[in-house]
Amino acid sequence: MRYSTKKEIVVALVGSPNVGKSTLFNNLTGHRQHVGNWPGKTVDRYEGSLEHHGIKIKIIDLPGTYSLGALSEEEIITREFIIKEHPDVVVIIVNAVEFSQSLYLALQILELTPNAVIALNKIDAAEKRGIHIHYTRLQKILQVPVVPISALHRIGLHNLVERILDVASGRIRTKTLSLDYNGLEHYIKVIENILSKCEPLDYPRRWAAIRLLEGDRHLEEILKNSCKEALCAINEIAQIIKQELGASPELLSISVRYDYITSIVKQVLITEKVASPTFSEKLDKIFLNSLLGPIASFTILVLTLFIIFSINTGFPLNLFFQYLGLEEVATWIEENSLSGLLGTLFSILGDVIRTFLTKLNLPLQIIDMITDGVIAGIGSILGFYPLILMVYLAFGALEDSGLLARIAVIGDRITRKIGLSGKAIIPLILGFGCNVPSIIGTRILEEDREKLLANLLAPLIPCQARLFVMIAFVTAFFPNPLHQALIIIVVYLTSFFLLILLSSLFRKILFKDYMPPELLIELPPYHRPSLRVLLWHAWDKSSHFLRKAGTIILALSIITWFLLYYGPSGEIIHANESFAAILGNLLVPLGNLVGLGDWKIMLSFEAGFIAKEGMIESIVLATGYDNSIQAIRSLELTFPQIISYLLIMSIYTPCIPTIAAFYQESRKAKYTLLLLAYELLVALLVGSISYHIFSFFL
Amino acid sequence: MASRENAMKRILPLIAAPQGIPLRVVNVDIRGRGPSRRLLEIGIIPGTIIRIVTKTTGPIIIEVRGSLFAIGKGHARRIYVEVI
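Enquirer: Explain the nonpolar core to me, please; I cannot follow it from the model alone.
Expert: Most often, soluble globular proteins keep nonpolar side chains buried together rather than apart. Residue and element names in this part refer to chain A. By size, the foremost hydrophobic cluster in this structure holds 220 residues, and its most contacted members are Val-91, Ile-92, Val-117, Ile-118, Ala-119 and Ile-164. With 13 residues, the single largest contributor to this core is helix 17 (residues 364-401). Discounting chain neighbours no more than four positions away, the residues touching Ile-118 are Ile-92, Val-94, Ala-106, Leu-142, Val-144, Pro-145 and Val-146.

Quick look at the structure:
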């Protein structure tokens, strides 16, 4: 009786991606939760709590995984937690709509621990599809409580918590699942015997024996250090099995599990034939069609980016109204866009704080540092926050609805050319909005090398901030909208070209015999996403990033502010006296290489290091004009110079938040430096080539 | 020799199998321990009945035990099926 003496119990949630695990987690814990990292891993660790009958229930949301085969970081975290942390109860979330598929993970968990409750999720959606599951019978077969729920509509959650407490207290007796592995049983016993002579493992012995037969890299690594003889013996046994039973041990063991699943399904599942094709089938006729699919996917992605961009900055929706001659509407949209509103908010906030500090009679330098440095720094962090949030929100909606998986299928053909599987299309497209979610998004990729490759390439995709600098420059120098558009297209095409070129270069230099991973992706049935759940996820992910990277970004913003506003003689009067200007002057010889030997331009590249939006601001500052278009015009750039500037701007070092994200994901300073170096080098090279070619012909 | 036997039993790789009709998995060629093991874990094992839903120009969409999966052509070459 653990529970009579315990006032707090630990519950772990386990389930595959798309099963509604985080929805259940959020609906159980409400807002009492906390996001962190698993030690030494890039996977997020969600922890929350609730109280029931005076008992505190701590809930750990384990990462989504399809099996416990130790093929991915997520799988290792999940099983290590269950084995080593001994949670009081493991809640296994099974998808009622895709019942047999999701039973596989459930069986693996039940083979590992008896303290389990099965939450049979999406029960409402299953009923609608004519799928009925006899859950009391399932309960009897598996010897653990089975609770039908709908995490999304909060059905059955009370019941689930009650059963969790029942198992934790021992009121319900549960059993570890012991499958009969037929022909393998003899060998399992032999391995158990071998393991008994080794240093004791942290894992249940029978379970470890089965896993080792199946070829478990993680366990083999442990044995290699602690009991090498056993490992050799086990490898031999695997060879014998192949010869005697005519199939690899893993094929046999997985078959045993699926045979068991088939027998369960026969006993508990009844499917009524739904006469008309389902909504999912109809939509798939479009999305999986080789002609309509790409068109539909492309339209959806463009529309998504259009909406994100417009809500964030008003562009390009404002252009539409300008075209119609409705200038006022266009201005209204810009002013009431998220970044417009934030900008106004921060300039008001800066003024209020300045007035307040002046009343306190603080020295002017300190007031300046607080208002122009700290407040503006926080402003610049929050300035890109809406974009990250929006990108997460929009793409969360695509993912939840099931559309994103279809887009990955269509994207596979394109991404394969740059050495990535179709899943990479998602993070790459995110990059057009903002490179930060793009880099974090590469977590969905399975192989480490694929992740690294995607991370190195993602910053080459021009984000919205870069598009903005392009627009400002073409507007300043070219009256003809057609010329404006052409130049922007050239910059984008150059970026795509570099993406292809550098991808093959990296694959040749960094990886030996690398093949893009084969696509294997589940296409979940379509469903309408819940806004509440989407907001949770988007908020969680984006604030988690801000908490981790915010300090670096703020610190660097303050340093840049200092460099821009201070010089050797203290606070500066004119922009050309600042440290940044001095540095800009030092960089002029470098600028000459690409036809841009002007300290004001070098200064703008320094500012663009923090955030690309800052480039225009710094030009305004350096030239002394208060209108950005006039300020850019005053640089008096020639056509080859403009092209060179825009290309370099788009290619060179991504902004600090992107670098912070890259470092967090790769956890290697070496690769972060490689990213910085290659982008700078390629930018200079491309800028120089384009400048000289255009100067020659024009 | 082996290929002739296969031909007689009308065993063919999934990539060459007809669309829309039930197919029985005969063999899955899992080389090494790479991601092709996932094929087994999602239930593509000898004896399972699967169906090709669509062949796009890239990946192939199959139905396995009531769920849809998209698998790359390389995977589809390693799954051997027979028409039933």
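Here the narrative resumes, following the displayed structure.
Enquirer: Looking at this structure, I do not really get the interface of chain B and chain A. What am I missing?
Expert: The parts lose accessible area when they come together, and the size of an interface is often stated as this lost area. Contacts between the two partners involve 26 residues from chain B and, on the opposite side, 29 residues from chain A. At the level of elements, helix 2 (37-41), strand 5 (67-71) and helix 3 (73-78) of chain B are the ones that each hand at least two residues to the side of chain B that touches chain A. Alignment of strand 10 (residues 520-523) of chain A against strand 5 of chain B, held across 4 bridges, turns out to be antiparallel. Counted as the bridge partner of Leu520(A) is Ile71(B) from strand 5 of chain B.

Enquirer: Explain the sheet that holds strand 2 (residues 33-37) of chain A here, please?
Expert: Hydrogen bonds along the backbone pair up the strands of a sheet, which may run parallel or antiparallel. All names here are of chain A. The 7 strands lie next to each other as 2-3-4-1-5-6-8, forming an open sheet whose pairing is mixed. The open sheet has two edge strands, strand 2 and strand 8 (146-148), and neither has a second partner. When strand polarity is set aside, the average angle formed by the axes of neighbouring strands in this sheet is 25 degrees. With 3 bridges joining them, strand 6 (residues 116-121) and strand 8 adopt parallel strand pairing. Paired with Leu-120 across the bridge in strand 8 is Pro-148.

Enquirer: Looking at this model, I keep getting lost on the sheet that holds strand 3 (residues 49-55) of chain B. Mind explaining?
Expert: One open sheet holds the 7 strands; their spatial order is 10(A)-5(B)-4(B)-3(B)-2(B)-6(B)-1(B), and the pairing between them is antiparallel. Strands at the two margins of the open sheet, each flanked by one partner only, are strand 10 of chain A together with strand 1 (11-13) of chain B. On average, each strand axis in the sheet is inclined to that of its neighbour by 40 degrees, with strand direction left out of account. Pairing geometry for strand 1 of chain B and strand 6 (residues 79-83) of chain B, over 3 bridges, is antiparallel. Residue pairing in the sheet places Leu12(B) in a bridge with Val81(B) of strand 6 of chain B. Along the sheet face, helix 18 (residues 403-417) of chain A touches strand 10 of chain A together with strand 5 of chain B and points at about 145 degrees away from the line of strand 10 of chain A.

The rules behind each value
- Residues numbered from 1 in each chain as written.
- Chains lettered and ligands numbered in written order.
- Predicted model: local features only at pLDDT ≥ 70, side-chain atom pairs only at ≥ 80, totals over all residues.
- Core = buried A, V, L, I, M, F, W, Y, C linked by C-beta atoms within 7 Å.
- Buried ≥ 20, exposed ≤ 12 C-beta atoms within 10 Å, placed from the backbone.
- Helix = DSSP H or I, 4+ residues; strand = E, 2+ residues; numbered from the N terminus.
- Contact = placed C-beta atoms within 7 Å.
- Pairing = 2+ DSSP bridges.
- Axes fitted to C-alpha atoms, helices over the stretch in contact; angles between N-to-C directions.

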